[in-house]
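Breakdown of the fold
The primary structure of each chain is shown beneath.
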Amino acid sequence: GAVVSQHPSRVICKSGTSVKIECRSLDFQATTMFWYRQFPKQSLMLMATSNEGSKATYEQGVEKDKFLINHASLTLSTLTVTSAHPEDSSFYICSAVDRRTDTQYFGPGTRLTVL
Amino acid sequence: EDKVVQSPLSLVVHEGDTVTLNCSYEVTNFRSLLWYKQEKKAPTFLFMLTSSGIEKKSGRLSSILDKKELSSILNITATQTGDSAIYLCAVSDGTSYGKLTFGQGTILTVHP
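Overview of the structure. Residue numbers restart at each chain and count upward from 1, following the sequence in its written direction. Written order determines the labels here, with chains lettered from A and ligands numbered from 1. Local features in this predicted model are restricted to residues whose pLDDT is 70 or higher, and side-chain atom pairs enter the listing and the counts only when it is 80 or higher, whereas totals over whole chains, interfaces and linings include all residues. Water and hydrogen atoms play no part in the side-chain values, which are based on all heavy atoms of the structure.

We count a stretch as a helix when DSSP gives it H or I for four or more residues in a row; a strand needs E for two or more, and each element gets its number in order from the N terminus. For chain A, the helix and strand inventory stands at zero helices and eleven strands. Order of helices (α) and strands (β) in chain A, N terminus to C terminus: β-β-β-β-β-β-β-β-β-β-β. Throughout, radius of gyration means the C-alpha value; the globule benchmark is 2.2 Å times the number of residues raised to the power 0.38. The C-alpha radius of gyration of chain A comes to 13 Å, within 12% of the 13 Å expected for a compact globule of 115 residues. Only heavy atoms enter the contact rule, under which two residues are in contact if any of them lie within 4.5 Å. If you take every contact in chain A between residues at least 6 apart in sequence, the share linking residues at least 24 apart comes to 55%. Under the convention used here, a 1.4 Å probe and the Shrake-Rupley method define accessible areas, while residue burial counts only the protein chains that appear. About 5700 Å² of surface is accessible on chain A, with carbon and sulfur atoms providing 52% of the total. The averaged location of the 10 negative side-chain charges in chain A is 6 Å from the averaged location of its 12 positive side-chain charges. The charged-residue count follows a simple rule in which Lys and Arg add positive charge and Asp and Glu add negative charge, with His and chain termini not counted at all. To locate a charge, take NZ of a lysine, CZ of an arginine, CG of an aspartate or CD of a glutamate.

In structure tokens form, the structure reads like this:
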């Protein structure tokens, strides 16, 4: 079946550093990927839509200069959390739509902890 | 703005019980409603519903959509401890391909 991977699965960093998270669709091409964040015991909140070959579309309230998204190929999108602060600590999940089946698949998530 | 509301927010049952989870939605241009199960990591896909009144079934899980009432239910029969998870309902807006709006989720706990 369709698989979406994320790397790293867990990262701990110091405040002020930048962290890059990769999202890959392993057996299908994804022109569109999505980035979510999830706080403990809460639902997924969409941060942005990543479009291959064009700029990402950010949801209201999400700082595009802080959360940089690059969708350089049909199977890879990256999210860079710049100048991370403790309040950025969260579970970040990406997803990709397999247009062959119109089904959205989620990556395993990345747990970011900013000290 | 699209909106999805799930109820109950949490539910505690014993093994063998049957549970019904509810999802209601408001969406400008409805495309589909999806159910996901989330354990420790990212959500895993359960069902996608597009047509009203047609039940989708997978083992002990089943789901149905009511477009007139703008709602869906997810049923789990003969629950097992492995069913303990957060169940997420999401709607897809046809205006923005693939974009999902999630409900708050229902935390299901099944005790032995």
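Residue and element names in this part refer to chain B. We call two strands paired when DSSP finds no fewer than two bridges between them. Strand order in the open sheet formed by five strands is S1-S3-S8-S7-S6, and the pairing between neighbours is antiparallel. Of all strands in the sheet, those with a lone pairing partner are strand S1 (3-7) and strand S6 (56-58), marking the two edges. Along the sheet, successive strands turn relative to each other by an average axial angle of 15°, direction set aside. Relative to strand S3 (residues 19-26), S1 runs antiparallel, the two being bridged by five bridges. Along S3, the bridge assignment pairs Ser7 with Asn22. Here, axes are lines fitted to C-alpha atoms. For helices the fit covers the stretch in contact, and angles between N-to-C directions go from 0 to 180 degrees.

Residues and elements named next belong to chain A. With antiparallel pairing, four strands are arranged side by side in an open sheet as S1-S3-S8-S7. Two strands close off the open sheet at either side, each with one partner strand: strand S1 (4-7) and strand S7 (67-73). With direction set aside, neighbouring strand axes in the sheet form an average angle of 15°. In terms of strand pairing, S7 meets strand S8 (residues 76-81) through five bridges, oriented antiparallel. Its bridge partner lying in S8, Ile69 is registered against Leu79.

A few words on the layout of surface pockets. A cavity, in this analysis, means grid points on a 1 Å lattice covering only the protein atoms where a 1.4 Å probe fits yet has no way out; a pocket is instead an open set bounded by protein on both sides within 12 Å along at least five of seven lines, and a residue lines either one if it has an atom within 4 Å of a point. Grid points are joined across faces, edges and corners, and a volume is the space filled by probe spheres set on the points. Quantified by volume, the largest pocket comes out at close to 610 Å³. Forming the boundary of the largest pocket are 24 residues, of which Met45, Leu46, Glu59 and Gln60 of chain A together with Glu1 of chain B lie nearest the centre. Elements that contribute at least two residues to the lining of the largest pocket include exactly strand S4 (32-38) and strand S5 (45-51) of chain A together with strand S10 (100-102) of chain B. Considered class by class, the residues forming the lining of the largest pocket number ten nonpolar, six polar and eight charged. Roughly 270 Å³ of internal volume is contained in the second largest pocket. What lines the second largest pocket is a set of 14 residues, and nearest its centre among them are Gln38, Pro40 and Lys41 of chain A together with Glu39 and Ile86 of chain B. Of the residues belonging to the lining of the second largest pocket, the class tally is six nonpolar, three polar and five charged. Throughout, the ten residues Ala, Val, Leu, Ile, Met, Phe, Trp, Tyr, Cys and Pro are labelled nonpolar, Asp, Glu, Lys and Arg are labelled charged, and all others, Gly among them, are labelled polar.

Let's shift gears to the interface of chain A and chain B. Listed per partner, the contact involves 20 residues of chain A and 16 residues of chain B. Defined here as a combined quantity, buried area equals the accessible surface (1.4 Å probe) lost by two parts on assembly, summed across both. Summed over both partners, the interface of chain A with chain B buries about 1600 Å², with 59% contributed by carbon and sulfur atoms. The largest per-residue losses of area from chain A upon contact with chain B belong to Ser43, Asp102 and Phe106 of chain A, which jointly make up 29% of the total buried on that side. Salt bridges, as used here, are contacts in which a Lys or Arg side-chain nitrogen is within 4 Å of a carboxyl oxygen on Asp or Glu. The tally of links from chain A across to chain B stands at one salt bridge. Residue Glu59 of chain A is joined to Lys99 of chain B by a salt bridge in which the shortest nitrogen-to-oxygen separation is 3.2 Å. The definition of a polar contact used here is a pair of N or O atoms within 3.5 Å, where within protein one atom must be able to donate a hydrogen and the other to accept one, and adjacent residues in sequence count solely through side-chain atom pairs. Inspection of the region where chain A meets chain B yields five residue pairs in polar contact (both at pLDDT 80 or more).

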